[in-house]
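So the chains spell out like this:
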Amino acid sequence: MIDVKAARNAPDEWRVALERKGAAGAFDAFLEADRAWLDLVPEVDELRGQTKIKGKPTPEQLESLKTVKEELQRREAELEAAVAARQLALDEVPNPPDASAPDGDTDDDAVELRRVGEQPTFPFEIRDHVDLGVPAGWLDLERATRLSGSRFAYRMGDFALAELALYRMALTRLAAHGFTPVIAPVLVREEAMYGTGFFPTDAVNIYGIERDDLYLVGTSEVSLAALHMDEILDEDELPRRYVGYSTCFRREAGAAGKDTRGMFRVHQFDKVEMFVFCRPEESADTHEQLLAYEEELTAALKIPYRVVNIAAGDLGASAVKKYDIEAWFPQQERYREITSTSNTTAFQARRLGARFRRDKKVEPMHTLNGTAATARALLSVVENHQQEDGSARMPAALVEFGAPELLRAPA
RNA sequence: GGCGGGGUGGCUGAGCGGUCGAAAGCGGCGGUCUUGAAAACCGUUGGGCGUUCACGCGCCUCAUGAGUUCGAAUCUCAUCCCCGCCGCCA
């Protein structure tokens, strides 16, 4: 949710910024609905005031109350409609992008900030994670499909150990940076989905358990953001930094035919996610810091990567700015997203009711999120560190947390 | 799954249908006292919306929605949620 008062005060600036997200029209529609609502509010307030009588009313007062209440009833119906229309319009207005988010509407418009690490060269025919993992017994996709349908995977043996080592490495390192480790619920109520902004926008990608009115989270961002839902913290309690581990579930509606090979894009995966509540003036720096942590983790995996600054028109509704880390996938010969960190400023917090108090005033916090680790990173590790015999070397950072030094080749 | 209790401000917890946005305590903030702090004492202190340069003023809000009433935190109904006991269970 945007800062409505700020938007009213500087509509032209807001319109220009929102135009970069293609939302100038939505903004104008909101302003109009807001105006209509603003006109109605004092009228209804005035009528309501007239109905308040202290103590026992006289017969004359009772008589005049009748006409006032009739008028009030009409006006309240109008107001109710105006409130609904305004809310609908408001929900369509995204968070205006930060000035440093580049222009453009697609992932091609993202600006590459840097490339780190050297792309490996191989003196042999290289394989992707499927051709490596299936023969070696690290992955079983066929049986997973038989069990659950397409886009599911069994991860087994050395690979399973390496994957858990990855999550543990991320949790341990981030805990050392001051994040509170969290193992979060993955089934949540509808309110949590609305509060974090996944409903109604992304509802098609969320699995629902109809019988119990619960929903499976697509990311632990939901569970972590909800930690301070409807709370008012003291200023000195900020920042609050969490690193959550959870399984994530996504229907991947709208991804038909995309990334269907292997476990690059599956319905169920695990993720370690960072989530920060902070003071407004801290969020920009915090965002850079989250990116730095993501780069630290990626570098520890010894995989080549690049950092991109996502184009304004390609940002989600809530982000003002987003950095992705893309890891090198040698068989695809391209960089693919493995992490993403967004600054959602007060947009998410406002809807969430996550506020803090300073100098007697209550204001929304800022919230940020960022991926710490998913198995996708491990796919890049496996592919970049593959050996001719089909095995794959694991970086020391993972071995330290229980990964085998070598994911064994097929017997 | 069975039976019972309950949802009030940052927290705990009172609340006769009107003078209740709501006692009291805790916490927070300001002050007195003190070299400073603590203690003690005094004052102040929910959130949201609108309006105002501001002091302020108006409206909404006692889980949610509907109803009774001139008037509801208080009465009625429905829904949601929480807690306790028993059963089952990783």
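The preceding data block contains the structure.
My aim in this report is to walk through the structure given alongside it, one point at a time. Within each chain, residue numbers correspond to sequence positions counted from 1 in written order. Here every chain gets a letter starting at A, and every ligand a number starting at 1, in the order they are written. The predicted origin of the model limits local features to residues at a pLDDT of at least 70 and limits the giving and counting of side-chain atom pairs to 80 or more, whereas totals for whole chains, interfaces and linings rest on all residues. With hydrogens and water excluded, all non-hydrogen atoms of the structure serve as input to the side-chain values.

Here's the deal with the overall build of chain A
Turning to step 1, where the next piece is worked out: Each helix is a run of DSSP H or I of at least 4 residues and each strand a run of E of at least 2, with the numbering of both proceeding from the N terminus. On a plain count of helices and strands, chain A comes out with 13 helices and 18 strands.
Turning to step 2, where the next piece is worked out: Projected onto the principal axes, the alpha-carbon positions of chain A cover approximately 95 × 45 × 40 Å.
Turning to step 3, where the next piece is worked out: Relative accessible area decides the class of each residue, using a 1.4 Å probe on protein chains only: under 20% of the type maximum gives buried, over 50% gives exposed, and in between gives partly exposed. Burial analysis of chain A (411 residues in total) assigns 48% to the buried set.
Turning to step 4, where the next piece is worked out: Residue contacts follow a heavy-atom distance rule, with two residues in contact if any of their heavy atoms lie within 4.5 Å. For chain A, the proportion of contacts with a sequence separation of at least 24, taken over those separated by at least 6, is 73%.
Turning to step 5, where the next piece is worked out: Here the open area of atoms and residues is found with the Shrake-Rupley method and a 1.4 Å probe, where only the protein chains shown may cover a residue. As presented, chain A carries roughly 20300 Å² of accessible surface, and 49% of it is formed by carbon and sulfur atoms.
Turning to step 6, where the next piece is worked out: Counting rule for charge: Lys and Arg are taken as positive, Asp and Glu as negative, and neither His nor the chain ends is counted. Taken as the charge centre is NZ of Lys, CZ of Arg, CG of Asp or CD of Glu, depending on the residue. Between the averaged position of the 51 positive side-chain charges in chain A and that of its 71 negative side-chain charges there is a distance of 4 Å.

Describing the packing of helix α7 (residues 157–176) against helix α10 (residues 283–300)
Turning to step 1, where the next piece is worked out: The geometry of α7 relative to α10 is characterised by a closest axis approach of 11 Å and an angle of 135° between their N-to-C directions. Classified by the interaxial angle, the pair formed by α7 and α10 is oblique. Crossing angle aside, the handedness with which α7 passes α10 is right-handed. When α7 is examined against α10, the residues M169, A170, R173 and L174 are found in contact with a partner set consisting of Y293, E296, L297 and A300.
Turning to step 2, where the next piece is worked out: In the contact of α7 with α10, the residues fall into six nonpolar, no polar and two charged. Here an angle of 0 to 180 degrees is reported between the N-to-C directions of two axes, which are lines fitted to C-alpha atoms, with helices fitted over the stretch in contact. Orientation categories follow fixed angle ranges, with anything under 35 degrees roughly parallel, anything over 145 roughly antiparallel, 65 to 115 roughly perpendicular, and all other angles oblique. By definition, any crossing whose near helix is turned counterclockwise from its far helix by less than a right angle is left-handed, and any crossing with a clockwise turn is right-handed. Each residue is assigned to one class: nonpolar for Ala, Val, Leu, Ile, Met, Phe, Trp, Tyr, Cys and Pro, charged for Asp, Glu, Lys and Arg, and polar for all the others, Gly among them.

Things to note about a nonpolar patch on the surface
Turning to step 1, where the next piece is worked out: Patch rule: a residue counts if its relative accessible area is over 30% and it has no salt bridge; like charges are joined within 9 Å, and nonpolar side chains (Val, Leu, Ile, Met, Phe, Trp, Tyr) within 5 Å. Criterion for a salt bridge: a side-chain nitrogen of Lys or Arg within 4 Å of a carboxyl oxygen of Asp or Glu. Together, L147, Y154 and M156 make up an exposed nonpolar region whose accessible area comes to about 290 Å².
Turning to step 2, where the next piece is worked out: Residue class for Y154 comes out partly exposed when judged on its relative accessible area of 34%.

A few points about the sheet that holds strand β14 (residues 355–358)
Turning to step 1, where the next piece is worked out: Here, a strand pair is defined by DSSP locating no fewer than two bridges between the strands. Read across the sheet, three strands follow the order β8-β14-β15 without closing on themselves; strand pairing throughout is mixed. On the outer flanks of this sheet lie β8 (232–234) and β15 (361–364), each paired with one strand and no other. Here the strands of the sheet are splayed against their neighbours by 35° on average, with no regard to which way each runs.
Turning to step 2, where the next piece is worked out: Looking at chain direction, β8 and β14 are connected through three bridges and run parallel. Bridge pairing in β14 places L233 opposite F356.

Describing the layout of surface pockets
Turning to step 1, where the next piece is worked out: Lining residues are defined by having an atom within 4 Å of a point belonging to a cavity or pocket. Those points lie on a 1 Å grid over the protein atoms alone, cavities being sets where a 1.4 Å probe fits but cannot get out and pockets being open sets with protein on both sides within 12 Å along at least five of seven lines. Grid points are joined across faces, edges and corners, and a volume is the space filled by probe spheres set on the points. Here the second largest pocket defines a volume of roughly 160 Å³.
Turning to step 2, where the next piece is worked out: The wall of the second largest pocket is formed by 13 residues, among which W14, N95, P96, V320 and T345 lie closest to the centre.
Turning to step 3, where the next piece is worked out: Among the residues making up the lining of the second largest pocket, the classes are represented as eight nonpolar, two polar and three charged.

Topic: the sheet that holds strand β13 (residues 334–343)
Turning to step 1, where the next piece is worked out: Across the sheet, which stays open at both edges, the eight strands sit in the order β1-β11-β12-β13-β16-β10-β9-β4 with mixed pairing between neighbours. Whereas interior strands pair on both sides, the edge strands pair on one side only; in this sheet they are β1 (111–116) and β4 (180–183). Within this sheet the neighbouring strands show an average axis-to-axis angle of 25°, counted without direction.
Turning to step 2, where the next piece is worked out: Sheet topology places strand β11 (residues 305–309) next to strand β12 (residues 321–329); five bridges connect them, and they run antiparallel. Bridge pairing links N309 to Y323 in β12.
Turning to step 3, where the next piece is worked out: In the packing of α7 onto the sheet, contacts are made with β4, β9 (240–249), β10 (268–278) and β16 (366–374), and the angle to β16 comes to roughly 145°.
Turning to step 4, where the next piece is worked out: Its contacts with the sheet put helix α12 (residues 375–384) on β10, β12, β13 and β16, and the angle it makes with β12 is roughly 30°.

Quick notes on empty space enclosed by the protein
Turning to step 1, where the next piece is worked out: Applying the stated criterion across every chain, the model contains one cavity of 30 Å³ or more.
Turning to step 2, where the next piece is worked out: Forming the walls of the largest cavity are L166, M169, A170, L297, T298, L301, I338, T339, A372, A373, T374 and A377.
Turning to step 3, where the next piece is worked out: For the lining of the largest cavity, the secondary-structure elements that each account for two or more residues are α7, α10, β13 and β16.
Turning to step 4, where the next piece is worked out: For the lining of the largest cavity, the per-class residue count stands at nine nonpolar, three polar and no charged.

With respect to the side chain of Q386
Turning to step 1, where the next piece is worked out: Relative to the elements of secondary structure, Q386 occurs in the loop between α12 and β17 (392–393).
Turning to step 2, where the next piece is worked out: Nitrogen and oxygen atoms within 3.5 Å of one another constitute a polar contact, given that in protein one can donate a hydrogen and the other can accept it, and given that sequence-neighbouring residues count only through two side-chain atoms. A polar contact of 2.9 Å, which involves the side chain of Q386, links it to the backbone oxygen of R127.
Turning to step 3, where the next piece is worked out: Aside from chain neighbours lying at most four places away, what touches Q386 is F122, F124, I126, R127, L132, S391 and A392.

Some details on the side chain of S342
Turning to step 1, where the next piece is worked out: Looking at where S342 falls in the secondary structure, it is placed in strand β13.
Turning to step 2, where the next piece is worked out: When neighbours within four sequence positions are excluded, S342 is seen to be in contact with H287, A319, K321, K322, L368 and N369.

Quick word on α12
Turning to step 1, where the next piece is worked out: Extensive coverage of α12 is indicated by the burial of ten of its ten residues.
Turning to step 2, where the next piece is worked out: Among all positions in α12, only A375, R376, A377, L378, L379, S380, V381, V382, E383 and N384 are buried.

A look at the pairing of β11
Turning to step 1, where the next piece is worked out: With respect to burial, β11 is a largely interior element, five of its five residues being buried.
Turning to step 2, where the next piece is worked out: Of the two faces of β11, the one holding Y305, V307 and N309 and the one holding R306 and V308 are both buried throughout.
Turning to step 3, where the next piece is worked out: Summarising the sheet, β1 and β11 pair through five bridges and their orientation is antiparallel. In the sheet register, R115 faces β11, and the bridge partner there is R306.

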